[in-house]
Amino acid sequence: MLFRRRHAPPPPAAFDDRTHSASIGTLATAFCVGGVLTLLALQTARATRTERVAGPADGAPLMRAPLQVVAPVDLQRYAGLWHEQARLPNRFQKQCAGPATAEYTLLGDGQMEVRNRCILEDGSFDEAIGVARVAPVAGQPGAGRLEVRFAPEWLAWLPAVWGDYWILRLDRDYQVALVGTPDRRYLWVLSRAPRLDDVALDAELDYARSLGFDVDKVELIGR
């Protein structure tokens, strides 16, 4: 009969406090570094999703692209009577129920008088008279960036009483103009003719859409 020799288990290794402390420290460091890298990766991904500019593939306009104005604009030629063809709804024209016009007259100090008029529901008209001034653009002399004020003259020193008026598109003959604000809240299509043909109007609105304006909310005037 064969007997299997049993081997005594080896004596336990002596505990080395320095070795175990180093191992624990290494693991802790690796864990912390891994956590920090993971957090940075998540923040980067979140920032990328947040800052990415929406494009046509997303079904959204390029809202963050800065608007450009026409340059140069001859204010002498721009002055005169314009008829509104379309506009985004706004509080100061809410009462208008019929045709609306804007008339600009050059003043001696380089500013322009602005006279806005529209027909009310009862057939009378409402009129607002203000002043427009040029807002200089560095490197673009004569750029079509204006500011308009309808508040009293004694308040002209307040920046808050001046509103943006940017000429975004203007044909060579100064017959059709697209005007808006850099925040894309306000938009007007203006024409020298009382009624702009549908093809030309659609071209202006399509261009406005490409700039990021919510053209689906536009009100058509007299149509």
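All figures in this text were calculated on a predicted structure; none of them were measured in a lab. (Residues numbered from 1 in each chain as written. Predicted model: local features only at pLDDT ≥ 70, side-chain atom pairs only at ≥ 80, totals over all residues. Heavy atoms only, no water.)

Student: Whenever I open this one, the state of the cysteines confuses me. Can you help?
Tutor: Defined simply, a disulfide is a covalent bond joining two cysteines at their sulfur atoms. Across all of its chains, the model carries one disulfide by this definition. Between the sulfur of Cys96 and that of Cys118 lies a disulfide, 2.0 Å long from S to S. Between Cys96 and Cys118, the S-S dihedral sits near -80°, and the bridge is therefore left-handed. With a gap of 22 residues between them, Cys96 in the loop between strand E1 (80-87) and strand E2 (100-106) and Cys118 in strand E3 (residues 112-119) connect regions that are remote in the sequence. For Cys96, a relative accessible area of 13% corresponds to the buried category. (Disulfide = S-S within 2.5 Å. Helix = DSSP H or I, 4+ residues; strand = E, 2+ residues; numbered from the N terminus. Buried < 20%, exposed > 50% of the residue type's maximum accessible area, 1.4 Å probe, protein only.)

Student: How should the pattern of salt bridges be read in this particular structure?
Tutor: A side chain with one charge may pair with a side chain of the opposite charge, provided their charged atoms come close. Under the definition given, this model contains 10 salt bridges. The salt bridge involving Glu147 is made with Arg133; its shortest N-O contact spans 2.8 Å. Separated by 14 residues along the polypeptide, Glu147 in strand E5 (residues 145-149) and Arg133 in strand E4 (residues 125-134) bring together distant segments of the chain. Ionic pairing is found between Glu204 and Arg169, a salt bridge with its closest N-O pair at 3.3 Å. In this pair, Glu204 is assigned in helix H3 (residues 198-210) and Arg169 in strand E6 (residues 162-170), connecting sequence segments 35 residues apart. (Salt bridge = Lys/Arg side-chain N within 4 Å of Asp/Glu carboxyl O.)

Student: What is the right way to look at the side chain of Ser191 in this model?
Tutor: On the secondary structure map, Ser191 appears in strand E8 (residues 187-191). Looking at Ser191, its side chain comes within polar contact range of the main-chain nitrogen of Ala193, at 3.1 Å. Ignoring any residue separated from it by four or fewer positions in sequence, one finds Ser191 in contact with Trp82, His83, Gln85, Gln175 and Leu196. (Polar contact = N/O pair within 3.5 Å; in protein donor to acceptor, adjacent residues only side chain to side chain. Contact = heavy atoms within 4.5 Å.)

Student: Which parts of the structure should I look at to understand the packing of aromatic side chains?
Tutor: Two descriptors summarise a pair of aromatic rings, namely the distance from one centre to the other and the angle between the planes of the rings. Evaluation of the coordinates by the stated rule reveals six aromatic pairs. Ring geometry for Tyr78 and Tyr104: centres 5.6 Å apart, planes at 25°, overall stacked. With Tyr78 in helix H2 (residues 75-78) and Tyr104 in strand E2, the pair connects residues that are 26 residues apart, well separated along the chain. For Tyr78, a relative accessible area of 0% puts it in the buried group. Classification of Tyr104 as buried rests on a relative accessible area of 5%. Ring geometry for Phe92 and Tyr186: centres 5.6 Å apart, planes at 35°, overall tilted. One end of the pair, Phe92, is in the loop between E1 and E2; the other, Tyr186, is in the loop between strand E7 (176-180) and E8, and 94 residues separate them in sequence. Residue Phe92 is classed as partly exposed on the basis of its relative accessible area of 39%. The aromatic ring of Phe125 is capped on one face by Arg117, whose charged end is 4.0 Å from the ring centroid. (Phe/Tyr/Trp six-rings, centres within 6.5 Å; stacked < 30°, edge-to-face > 60°. Lys NZ or Arg CZ within 6 Å of the ring centre and 35° of its normal.)

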